[in-house]
Amino acid sequence: MNNIEKTISVAEAKSTLESLAKIEQDTNISLRAPLWLNFIISCSYGMGVFSWASTRDENQWMLGCIASGVVFILALAFYLYSNRLLGVKPKLVPKSKSEYIFNFLVAIFFGLVVALSREFSKNDIWWASYAGAAVAAISLAYIMHKYPSGDFITGRNKND
């Protein structure tokens, strides 16, 4: 067999790394939801957290949970379907260890926000439901915009 070792120059290696970084950045940009859709998804999630934290026994805030859940699911389905029509397939399940760890930490964070806002609101801290909703909505909007691929490593580009 031919085992020809080819050495590459520093400039070629740097050029290759820059092109790979550009491909990752373009992939992240193509996976991003439009800002208006990001706003709808994030606000419906925040409203769901607010409604859940505000419920007492069987009051009307549960209707807010149901309505925000329906809007959240419909907006998410629209995002996935429109991306499918454009030929982009967003990942729903993590494929690497870093994606799994990132998604697990995000799930723990949102679970804590929901649970703590509900507990504090039940203990008569009236602003806890507002704070929990704001934290959840802003965090979800940021994560959807900055890390659309669900991977912390590919989301931290300097030029993004």
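Everything below is about the structure shown above.
Residues numbered from 1 in each chain as written. Predicted model: local features only at pLDDT ≥ 70, side-chain atom pairs only at ≥ 80, totals over all residues. Heavy atoms only, no water.

1. Digging into the overall build of the chain
So the rule is basically this: Numbering of helices and strands starts at the N terminus; helices are DSSP runs of H or I of at least 4 residues and strands are runs of E of at least 2. In this description the radius of gyration comes from C-alpha coordinates, and the expected globular size is given by 2.2 Å times residues to the power 0.38.
When its secondary structure is counted, the chain shows six helices and zero strands. Along the chain, helices (α) and strands (β) appear in the sequence α-α-α-α-α-α when read from the amino end. Here the C-alpha radius of gyration of the chain, 21 Å, is well above what a compact globule of 160 residues would show, namely 15 Å. If you line up the chain on its principal axes, its C-alpha atoms span 75 × 35 × 30 Å.

2. Examining the nonpolar core
Rule in force here: The definition of a nonpolar core used throughout is a set of buried Ala, Val, Leu, Ile, Met, Phe, Trp, Tyr and Cys residues joined through side-chain atoms within 4.5 Å. A simple rule labels every residue: compare its accessible area, found with a 1.4 Å probe on the protein chains alone, to the largest value its type can have, and call it buried under 20%, exposed over 50%, or partly exposed in between.
Within the largest apolar cluster, 15 residues are counted, with the highest numbers of intra-cluster contacts made by Leu37, Ile41 and Phe110. Breaking this core down by element, the ones donating at least two residues are helix H2 (35-54), helix H3 (61-86), helix H4 (97-122) and helix H5 (128-146).

3. Some points on the layout of surface pockets
Think of a ball as big as a water molecule: rolled over the atoms, this probe shows where empty space is left. Operational definition: Cavities and pockets were defined on a 1 Å grid built from protein atoms only: a cavity is a group of points that admits a 1.4 Å probe but offers it no way out, a pocket is an open group of points flanked by protein on both sides within 12 Å along at least five of seven lines, and a lining residue is one with an atom within 4 Å of any such point. Grid points are joined across faces, edges and corners, and a volume is the space filled by probe spheres set on the points. Think of it as three bins: nonpolar holds Ala, Val, Leu, Ile, Met, Phe, Trp, Tyr, Cys and Pro, charged holds Asp, Glu, Lys and Arg, and polar takes everything else, Gly as well.
Of the voids in this model, the largest pocket is the one considered here, and its volume is about 680 Å³. Considering the residues around the largest pocket, the lining is formed by 24 residues, among which Leu76, Lys91, Asn103, Met144 and Pro148 are closest to the centre. Only H2, H3, H4 and H5 provide two or more residues apiece to the lining of the largest pocket. Looking at the lining of the largest pocket residue by residue, the class counts come to 19 nonpolar, three polar and two charged.

4. What about the side chain of Asn38?
By secondary structure assignment, the location of Asn38 is in helix H2. By relative accessible area, which is 5% here, Asn38 ends up buried.

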